[in-house]
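Each chain is listed here by its residues.
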Amino acid sequence: MKILDADIETSAAGREGWPEADLPEVAFLGRSNVGKSSLLNALVGRRKLARTSSTPGKTRLLHFFRVRREHDTLRLVDLPGYGFARVAKREQARWGPMIEGYLADRGVLRAVVLLQDARRDPRDEDLDLLAWLAEHEIPAIVALTKVDKLKASERTRTLRTLKEALPVQADWLVATSARTGAGIETLWQRLDTLL
């Protein structure tokens, strides 16, 4: 996948700050510290497009990235992480309506990429999110992150276990590593079938 250009277009706390709905969008969502920013950077081949941090919960707004490829232009949207985040509970509670409002009302949304750390079991909130997306007929791809941190002997067993635990078709489960680039091309291929 050849990326010609990728830039942050805007950041917004509410729909009044969303860009015009003139391009297809893919939203990225997952628990805090799952590696969303790193995966976004790996997808576009840029090291600092999305800001990474060792402190969970740094993404507090919806960040819209405009990505121009050889044959099209689209937006990747980084949504705040859920779960463990070092922010006030009041602020975390504000994220729910912001995220749900975007997912439910954004007509140009083509897919959601739910990130799941390959070393962790899915939690109820991950399964609930996948069920909510299915109920609203929003296609979901699960990107298993940080597979490079698994020993080769663990990788096959772990992937098999996660395929059984997550309610998505096997083709919509992609093992990735932002560090090594594993799975990045496959993830683009899956996204292109939905775009």
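Residues numbered from 1 in each chain as written. Predicted model: local features only at pLDDT ≥ 70, side-chain atom pairs only at ≥ 80, totals over all residues. Heavy atoms only, no water.

For the chain, the helix and strand inventory stands at five helices and seven strands. When the 195 residues of the chain are sorted by exposure, 48% land in the buried category. Across the chain, the fraction of contacts at a sequence separation of at least 24, relative to all contacts at a separation of at least 6, is 73%. Summed over all atoms, the accessible surface of the chain reaches about 10100 Å², with 45% contributed by carbon and sulfur. (Helix = DSSP H or I, 4+ residues; strand = E, 2+ residues; numbered from the N terminus. Buried < 20%, exposed > 50% of the residue type's maximum accessible area, 1.4 Å probe, protein only. Contact = heavy atoms within 4.5 Å. Areas by Shrake-Rupley, 256 points an atom, 1.4 Å probe, with all protein chains shown as cover.)

Let's shift gears to helix α1 (residues 36–44). Burial runs high along α1: seven of the nine residues are buried. Every buried residue belonging to α1 is among Lys 36, Ser 37, Leu 39, Leu 40, Asn 41, Leu 43 and Val 44, and all of these are buried. Following α1 by one or two positions, Gly 45 adopts a phi angle in the positive range, close to 70°.

The next thing to look at is the sheet that holds strand β3 (residues 62–69). In space, the seven strands of this open sheet follow the order β1-β3-β4-β2-β5-β6-β7, with mixed pairing throughout. A single partner strand is all that each edge strand has here, and the edge strands are β1 (3–12) and β7 (173–175). Taking each pair of neighbouring strands and ignoring which way they run, the sheet shows an average axis angle of 25°. Strand direction decides the pairing type here: strand β2 (residues 25–30) and strand β4 (residues 73–78), joined by four bridges, are parallel. Bridging from a neighbouring strand, Ala 27 pairs with Val 77 of β4. Across the sheet, helix α3 (residues 124–135) lies against β2, β5 (109–117) and β6 (140–145), angled at about 165° from β5, the strand it touches most. (Pairing = 2+ DSSP bridges. Axes fitted to C-alpha atoms, helices over the stretch in contact; angles between N-to-C directions.)

All chains considered together, the criterion is met by two aromatic pairs. With a centroid separation of 5.5 Å and an interplanar angle of 85°, the aromatic rings of Trp 18 and Tyr 102 are classed as edge-to-face. One end of the pair, Trp 18, is in the loop between β1 and β2; the other, Tyr 102, is in helix α2 (residues 89–105), with 84 residues separating them in the sequence. Tyr 102 carries the same exposure label as Trp 18, and that label is buried. (Phe/Tyr/Trp six-rings, centres within 6.5 Å; stacked < 30°, edge-to-face > 60°.)

What follows deals with the packing of α1 against helix α5 (residues 184–194). The geometry of α1 relative to α5 is characterised by a closest axis approach of 10 Å and an angle of 85° between their N-to-C directions. Comparing their axes, α5 and α1 come out roughly perpendicular. Contacts between α1 and α5 pair Leu 39, Ala 42 and Leu 43 from the former with Ile 184, Leu 187 and Trp 188 from the latter. Split into classes, the residues belonging to the contact of α1 with α5 amount to six nonpolar, no polar and no charged. (Parallel < 35°, antiparallel > 145°, perpendicular 65-115°, else oblique. Nonpolar A, V, L, I, M, F, W, Y, C, P; charged D, E, K, R; others polar.)

A word on the nonpolar core. Nonpolar side chains tend toward joint burial in soluble globular proteins. In this structure, Leu 79, Tyr 102, Leu 103 and Leu 144 are the most contacted members of the largest nonpolar core, which totals 32 residues. For this core, the secondary structure elements donating two or more residues are β2, β3, α2, β5, α3, β6 and α4 (152–165). Leu 43, Leu 74, Ala 143 and Leu 187 belong to the second-largest nonpolar core, a separate cluster that totals 24 residues. (Core = buried A, V, L, I, M, F, W, Y, C linked by side-chain atoms within 4.5 Å.)

Attention shifts here to the pattern of salt bridges. Considering all chains together, one arrives at twelve salt bridges under this definition. In this structure, Arg 75 engages Glu 9 in a salt bridge whose closest nitrogen and oxygen atoms are separated by 2.6 Å. One end of the pair, Arg 75, is in strand β4; the other, Glu 9, is in strand β1, with 66 residues separating them in the sequence. Taking relative accessible area as the criterion, Glu 9 reaches 33% and is therefore assigned partly exposed. A salt bridge links Asp 148 to Arg 179; the shortest N-O distance between them is 3.0 Å. With Asp 148 in the loop between β6 and α4 and Arg 179 in the loop between β7 and α5, this residue pair connects regions lying 31 residues apart in the sequence. With a relative accessible area of 66%, Arg 179 lands in the exposed category. (Salt bridge = Lys/Arg side-chain N within 4 Å of Asp/Glu carboxyl O.)

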